Amino acid sequence: MNVILITVLMLGLLGAVAAVILYFVAQKFKVFEDPRIDEVQEVLPAANCGGCGFAGCRAFAEACVKADTLDGLFCPVGGNEVMAQVAAAIGQEAVVADPKIAVVRCNGSCENRPHTNMYNGASSCAVAAALYGGETACSYGCLGLGDCEVACEFDALHMNPITGLPEIDEEKCTSCGACVKACPKLIIELRKKGPKSRRIFVSCVNKDKGAVAKKACDVACIGCGKCEKVCEFNAITIENNLAYIDPVKCRLCRKCVEVCPTGAIHELNFPPRKEKETIAPVNQEKAE
Amino acid sequence: MKTFKIGGIHPPENKLSANKTIQVAPLPTQAIVMLGQCLGAPSTPVVEKGSEVKVGTLLAKSSGFVSANLHAPVSGKVVKIDEFIDASGYKKSAVVIDVEGDVWEDAIDRSTTLIKEIKASKEEIIKKIADAGIVGLGGATFPTHIKLTPPPGKTAEVLIINGVECEPYLTSDHQLMMEKGEEIVVGITILMKAIGVNRAIIGIENNKPDAIAHLRKIVAQYSGIEVCPLKVQYPQGGEKQLIDAIINRQVPSGTLPVEVGAVVQNIGTAFAVYEAVQKNKPLFERIITITGKSVKTPCNLLARIGTPFSQLIDFCGGLPNDTAKIVGGGPMMGKALVSVDVPMTKGSSGLLMIPEAEAQRQTIRNCIRCGKCVSACAMGIEPFLLMATSERAMWEEAESAHIMDCIECGSCMFVCPSNRPLLDYIRLGKAKVGAIIRSRK
């Protein structure tokens, strides 16, 4: 009987002492973590893509909670919807940003850009770009080895085996910017998605003089300046024989697309042109 | 027989143009002189469109500490200073000269008499070498005058002359030793005076017994110069390997050869130094080997810088029909050209035409961790690890695995049973890690 009593007392005493020590240690080394970090992390997409510029969603959540304003903090994958939830969770005002999307600024398919040599090395754009200018006479264009496809975590970018160029799936692209960083030729750009996904851009990055660029690729920007002249909104600038359309200033009038002699300016997701609709019936009438 | 201790391979030698007398290549109709011909900053042009130049006229000045002068290789008129594709397909600035006649600058002594006596002082020699735009002709094209002035606090004890020519196919240095042995040895005495050493060793691999015997006979008249025969092993022509082979000293990682008291110069450079100091002749022509298994007449040519490669190929019997790849330099370290229209530069030691059957790379398979690349690596680093880190963009790990020590000799890729593109990725890694290291400063 005595033995049991002593055992219970001893163990009870030991437990009580340990509990007291643990209580003080826990108080001393307590790490305060803002509960809002968890809340923010909860609403984030958990893609951990790094598109926001932080190491992952947790790091972004921490940055959001610590920051005084949400200026400059944006989750491209979640977009405005998620950012509104984040703002609600930490009790701040949401910053609304225009949704963006990746565009490939090269249209040098095998047809448009004849090969002048053959690459036989490691299948990586980074390696090829470190070695030499590329398989065609255009040393600025797409190398077609698919570093961007490997970099895309959202299955939104695929190499088209016929053209040899990457194509972006607008539904899936989250504008995280991984492909932009992966491309050694800096061909991919994040641009404003635009109303109804409509956008106009120069699909070329060749800075050679017009004649050289045209010789290398049928659809190169030759820096002729016609688009710059026709643009009523000063959205187009020409630098180093290459036109660039400012997505903020561009009003999507499509005049530049019409005047471009090489077809280097691309329009996406626009309805068919009116002129074509009017011309077509005339022809039909004649045919009838 | 001496050789270096770590790694090394023995690729088939294929010295097809051995013992072919050096022929003078015909003058081009238009010379394209690239402004970036040496390691470091491209030179700044001092001529303009329309300038009349003679052979040896200064075209462009050195534009920084690591940079070299550039001289007109032909006489005629500068038609434009424009961008032109270099061997890698990128556009670089070049001076284009339309050739008219062959008028040399009056200061150049064109006689063939050997001048042994060195009148110039140490400083004058280095100045003359810098003025003549001499760069390392082994292929690295590092400006020679910088190599001759060791950093403060370091003293050179011995001059090592690289007559190894370990690259398969190439024979230009071999032929130069056979034909211009006397001049080379005088060039070596000039270099010894410039560095302030009284000992020089010429390293020659023993697959060139005629060159060893020939130079031994010549150096017998000079004191302090000796010839050291070496066992054939690639990459013995690497600076650090050669120092290890000849004087048995190991250059620590990240330091220059002068750390162990050695300065290494190439045979071709010694000859160019002789011509610059004794004959006032700037570097505007060099010996280049045109070779390949299907080439009609593989040969060693004395060609002017700026000559389009296509003209040199035509001189040697034209481009063989089965050519699939044209490599500037040797097969191990050379780089494939994007076009035959690119011009020769100071670093062009050879032009190799590879037939279809040999040009294609084999299918890449998985790494089987056999370690052959590690055994072959002459720098004692681990190529498979460097490739893996580069492939995954793990630059810190690549740096700590000493990626910057790689001399890009290609031995690892040569021995890899899985045909892995080791050097491709290591080159990428070196470029990235190099940029990171520079950005820290």
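Procedures and definitions
Residues numbered from 1 in each chain as written. Chains lettered and ligands numbered in written order. Predicted model: local features only at pLDDT ≥ 70, side-chain atom pairs only at ≥ 80, totals over all residues. Helix = DSSP H or I, 4+ residues; strand = E, 2+ residues; numbered from the N terminus. Expected span 1.5 Å × (residues − 1). Buried ≥ 20, exposed ≤ 12 C-beta atoms within 10 Å, placed from the backbone. Domains from an automatic or database assignment. Contact = placed C-beta atoms within 7 Å. Nonpolar A, V, L, I, M, F, W, Y, C, P; charged D, E, K, R; others polar. Axes fitted to C-alpha atoms, helices over the stretch in contact; angles between N-to-C directions. Parallel < 35°, antiparallel > 145°, perpendicular 65-115°, else oblique. Left-handed = near helix turned anticlockwise from the far one by under 90°. Pairing = 2+ DSSP bridges.

Participant: Sorry, what's going on with helix H14 (residues 422-440) of chain B here?
Facilitator: Because the α-helix completes a turn every 3.6 residues, residues three or four places apart line up on one side. Helix length check: H14(B) (19 residues) gives 27 Å between terminal C-alpha atoms against 27 Å at 1.5 Å per residue, within 8%. Within the sequence span of H14(B), burial applies to B:Leu422, B:Leu423, B:Asp424, B:Tyr425, B:Ile426, B:Arg427, B:Leu428, B:Gly429, B:Lys430 and B:Val433.

Participant: Just checking my understanding: could you explain the domain arrangement of chain B for this structure?
Facilitator: Residue and element names in this part refer to chain B. Partitioning chain B into structural domains gives domain 1 (122-279) and domain 2 (372-440). Between the C-alpha centres of domain 1 and domain 2 there is a distance of 28 Å. On the side of domain 2, 6 residues touch domain 1, which itself brings 5 residues to the contact. In terms of residue class, the side of domain 1 that touches domain 2 is built from 2 nonpolar, 3 polar and no charged.

Participant: Help me understand the packing of helix H4 (residues 181-195) of chain B against helix H5 (residues 209-219) of chain B, please; the structure alone is not making it clear to me.
Facilitator: To characterise two packed helices, one gives the angle between the axes of the helices and the distance between these axes. Residues and elements named next belong to chain B. Where H4 contacts H5, the two axes come as close as 10 Å, and the packing angle between them is 55°. Classified by the angle between their axes, H4 and H5 sit oblique to one another. Along this stretch, H4 crosses H5, giving a crossing that reads as right-handed. Residues Gly 181, Glu 182 and Val 185 of H4 pack against His 214, Leu 215, Ile 218 and Val 219 of H5. For the contact of H4 with H5, the per-class residue count stands at 4 nonpolar, 2 polar and 1 charged.

Participant: Before we go on, may I ask you to explain the domain arrangement of chain A in this structure?
Facilitator: The extent of an interface is frequently quoted as the accessible surface area lost upon association of the parts. For chain A, the assigned domains are domain 1 (35-90) and domain 2 (100-273). Looking at the side of domain 1 of chain A that touches domain 2 of chain A, its residues break down into 4 nonpolar, 1 polar and no charged.

Participant: Explanation requested: the interface of chain B and chain A in the structure shown.
Facilitator: Tallying the contact residues gives 14 residues for chain B and 13 residues for chain A. Examining the composition of the side of chain B that touches chain A, we find that 5 residues originate from one element, H14(B), more than from any other. Split by residue class, the side of chain B that touches chain A holds 6 nonpolar, 4 polar and 4 charged.

Participant: Would you explain helix H11 (residues 383-391) of chain B in this entry?
Facilitator: Residues and elements named next belong to chain B. Listed as buried for H11 are Pro 383, Phe 384, Leu 386, Met 387, Thr 389 and Ser 390. Where H11 is buried, its residues touch helix H10 (372-376), helix H12 (395-400), helix H13 (411-415) and H14. Immediately downstream of H11, the backbone of Ala 393 shows phi near 55°, a positive value.

Participant: Where do I start with the sheet that holds strand S10 (residues 200-205) of chain B in this structure?
Facilitator: Paired through their backbone hydrogen bonds, the strands of a sheet run either parallel or antiparallel. Residues and elements named next belong to chain B. Reading across the sheet, the 4 strands line up as S11-S10-S9-S12 and stay open at both edges, with parallel pairing between neighbours. The two strands at the open ends of the sheet, each matched to only one other strand, are strand S11 (225-230) and strand S12 (262-266). Put simply, the sheet's adjacent strands are angled 25° from each other on average, direction ignored. With 6 bridges joining them, S10 and S11 adopt parallel strand pairing. Pairing of Ile 202 across the sheet is with Val 227, part of S11. Where H4 meets the sheet, its contacts fall on strand S9 (158-162), S10, S11 and S12, and the angle it forms with S9 comes to roughly 145°.

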